[in-house]
Amino acid sequence: MTEPDAGSDVRGMKCTARRDGDDWVVNGTKHFISGALHADFVIVFIATGEDMTDKGPKKRITCFLVDRGHPGFEILPGYESVSHRGYDNMILHFDDCRLPNSQVLGEVDGGFEVMNTWLYATRITVAAMSVGRARRIMDIALQYAVDRKQFGQQIGKFQGVSFKLADMVTEIDAADWLTLASAWRLDEGLEANREIASAKLYASEMLARVADEAIQIHGGMGLMNDLPLERFWRDARVERIWDGTSEIQRHIISRDMLRRLGG
Ligand SMILES: Cc1cc2nc3c(=O)[nH]c(=O)nc-3n(C[C@H](O)[C@H](O)[C@H](O)COP(=O)(O)OP(=O)(O)OC[C@H]3O[C@@H](n4cnc5c(N)ncnc54)[C@H](O)[C@@H]3O)c2cc1C
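Because the structure is predicted, anything quoted here is derived from the model rather than measured.

### Quick word on a nonpolar patch on the surface
Inference 1: Together, Phe-41, Ile-43, Leu-105 and Trp-118 make up a nonpolar patch on the protein surface, roughly 370 Å² of accessible area in all.
Inference 2: Note on placement: Trp-118 falls in helix 1 (residues 111-147).
Inference 3: A relative accessible area of 47% places Trp-118 in the partly exposed class.

Encoded structure:
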């Protein structure tokens, strides 16, 4: 989905596919594309037209499958990231890339429907991964609070540390239940847009707080790469950005509530 000039605003994409007989001719660039280094094919969302609405022009979007090595399609190296250092992100470049109509996934102009099904599942995955990592961080911090002694006693006996542990586990449990509840709604076929956004928002922000507090409990050792905490802390950062930033999740949540009352 993502392009250099179109991130949160997916419909602002400039990558276009123009009809030419039975084929489509694609031009444009995508960036931040996970896993493309290893992929045999990519799933790509491309503008296939524009409608005029009350709010101005609105792009129609179609989903395509494109094979690695297809003429006119290149997978180029992406950027180095502080989060997920072992995880590649790539640039996809299309230069008069000719695709037969049989490579459309779903319906022509129905890309948003495909995208939304996908984003529901990935947002729950972000929430679940955040909960899992936070539990591992919690275990490490709890053990350190027992093992580490200062002023002649376990640091976990200082209220300044023990209250952090209490807040951490409470937030982890809350995120866990939000995640399970939203996944249950999706499984049951119930409306789950707001609930999934709440789970993604809360769990990813919880993970950042828990990782940060765990480092505080470890003092200087928390920042050293002898322990896994600095990596958890770095990796936590991206969870509030990909699959829709925290701000976009807040937008989804508030819009869902306001719309129900005619807002
Ligand atoms: C490591 C990594 C891997 C990724 N993998 C993929 C991938 O495989 N496929 C893919 O398509 N994308 C991928 N992404 C892209 C990711 O989904 C986008 O980075 C994300 O959607 C945000 O877009 P942006 O970075 O362009 O930020 P922008 O959209 O430019 O946002 C910049 C800031 O403005 C805020 N903002 C924007 N609009 C609003 C608004 N309406 N209200 C309030 N605040 C707003 C944002 O919240 C953010 O704080 C990946 C990103 C990263 C970092």
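### Things to note about the side chain of His-31
Inference 1: Position of His-31 among the secondary structure elements: in strand 2 (residues 23-34).
Inference 2: Looking at His-31, the relative accessible area reads 8%, which means it is buried.
Inference 3: If sequence neighbours within four positions are ignored, His-31 has contacts with Thr-2, Glu-3, Pro-4, Tyr-79, Met-90 and Ile-91.

### Details of the pattern of salt bridges
Inference 1: Throughout the structure, instances matching the rule amount to 17 salt bridges.
Inference 2: One salt bridge in this structure joins Arg-98 and Asp-23, with 3.1 Å as the shortest N-O distance. Of this pair, Arg-98 sits in strand 6 (residues 89-100) while Asp-23 sits in strand 2, and the two are 75 residues apart along the sequence.
Inference 3: Look at Asp-23 and you get partly exposed, because its relative accessible area is 22%.
Inference 4: The partner of Arg-135 in a salt bridge is Asp-173, with the nearest N and O atoms 2.8 Å apart. Note that Arg-135 is positioned in helix 1 and Asp-173 in helix 2 (residues 159-187), a separation of 38 residues in sequence.
Inference 5: Arg-135 gets classed as partly exposed once you look at its relative accessible area, which sits at 30%.

### A look at a positive patch on the surface
Inference 1: On the surface, a cluster of positive charge is made up of Lys-55, Lys-58, Arg-255 and Arg-259.
Inference 2: By secondary structure assignment, the location of Arg-255 is in helix 5 (residues 246-260).

### Focus: the site of the ligand
Inference 1: Taken together, 14 residues form the shell around the ligand, and within it Thr-2, Ser-8, Phe-32, Thr-245 and Glu-247 come nearest.
Inference 2: Measuring from an oxygen atom of the ligand, one finds a backbone N or O atom of Met-1 at 2.9 Å.
Inference 3: With respect to the ligand, the side chain of Glu-247 contributes an N or O atom lying 2.7 Å from an oxygen atom.
Inference 4: Burial of the ligand by the surrounding chains reaches 62%, relative to a free accessible area of 980 Å².
Inference 5: The set of elements that each furnish at least two residues to the shell around the ligand consists of strand 2 and helix 5.
Inference 6: Looking at which element gives the most residues to the shell around the ligand, the answer is strand 2, with 3 residues.
Inference 7: Split into classes, the residues belonging to the shell around the ligand amount to 7 nonpolar, 5 polar and 2 charged.
Inference 8: Taken together, domain 1 (10-109) and domain 2 (113-260) each give at least three residues to the shell around the ligand, which thus spans both.

### Describing the packing of helix 1 against helix 3 (residues 193-218)
Inference 1: Contact geometry for helix 1 and helix 3: axes closest at 8 Å, N-to-C directions at 25°. If you check the angle between helix 1 and helix 3, you find them roughly parallel. Helix 3 is crossed by helix 1, and the crossing has left-handed handedness.
Inference 2: Class assignment of the residues belonging to the contact of helix 1 with helix 3 gives a composition of 19 nonpolar, 4 polar and 3 charged.

### Here we look at the nonpolar core
Inference 1: In terms of nonpolar packing, the biggest core is built from 27 residues, with Ile-137, Leu-165, Met-168 and Ile-217 touching the most fellow members.
Inference 2: Secondary structure elements with two or more residues in this core: helix 1, helix 2, helix 3 and helix 4 (229-239).
Inference 3: Sequence-distant contacts of Ile-137, that is, excluding residues within four places in its chain, are made with Leu-207, Val-210, Ala-211, Ala-214, Leu-229 and Phe-232.
Inference 4: In terms of nonpolar packing, the next biggest core, distinct from the first, is built from 18 residues, Trp-24, Val-44, Ile-46 and Cys-97 among them.

### Brief notes about the domain arrangement of the protein chain
Inference 1: We note that the domain assignment places domain 1 (10-109) and domain 2 (113-260) within the protein chain.
Inference 2: In this structure, domain 1 and domain 2 have C-alpha centres spaced 31 Å apart.
Inference 3: Facing 14 residues of domain 1, the contacting portion of domain 2 comprises 11 residues.
Inference 4: At the boundary of domain 1 with domain 2, total buried surface from both sides reaches about 890 Å², with 68% on carbon and sulfur atoms.
Inference 5: In terms of surface lost to domain 2, no three residues of domain 1 exceed Phe-45, Ser-83 and His-84, which account for 50% of the buried area on that side.

Criteria and thresholds
Residues numbered from 1 in each chain as written. Predicted model: local features only at pLDDT ≥ 70, side-chain atom pairs only at ≥ 80, totals over all residues. Heavy atoms only, no water. Patch = residues over 30% accessible without salt bridge, like charges linked within 9 Å, V, L, I, M, F, W, Y side chains within 5 Å. Areas by Shrake-Rupley, 256 points an atom, 1.4 Å probe, with all protein chains shown as cover. Salt bridge = Lys/Arg side-chain N within 4 Å of Asp/Glu carboxyl O. Helix = DSSP H or I, 4+ residues; strand = E, 2+ residues; numbered from the N terminus. Buried < 20%, exposed > 50% of the residue type's maximum accessible area, 1.4 Å probe, protein only. Contact = heavy atoms within 4.5 Å. Lys, Arg positive; Asp, Glu negative; His and termini not counted. Charge placed at Lys NZ, Arg CZ, Asp CG, Glu CD. Near = heavy atom within 4 Å. Polar contact = N/O pair within 3.5 Å; in protein donor to acceptor, adjacent residues only side chain to side chain. Nonpolar A, V, L, I, M, F, W, Y, C, P; charged D, E, K, R; others polar. Domains from an automatic or database assignment. Axes fitted to C-alpha atoms, helices over the stretch in contact; angles between N-to-C directions. Parallel < 35°, antiparallel > 145°, perpendicular 65-115°, else oblique. Left-handed = near helix turned anticlockwise from the far one by under 90°. Core = buried A, V, L, I, M, F, W, Y, C linked by side-chain atoms within 4.5 Å. Buried area = accessible area lost by both parts, 1.4 Å probe.

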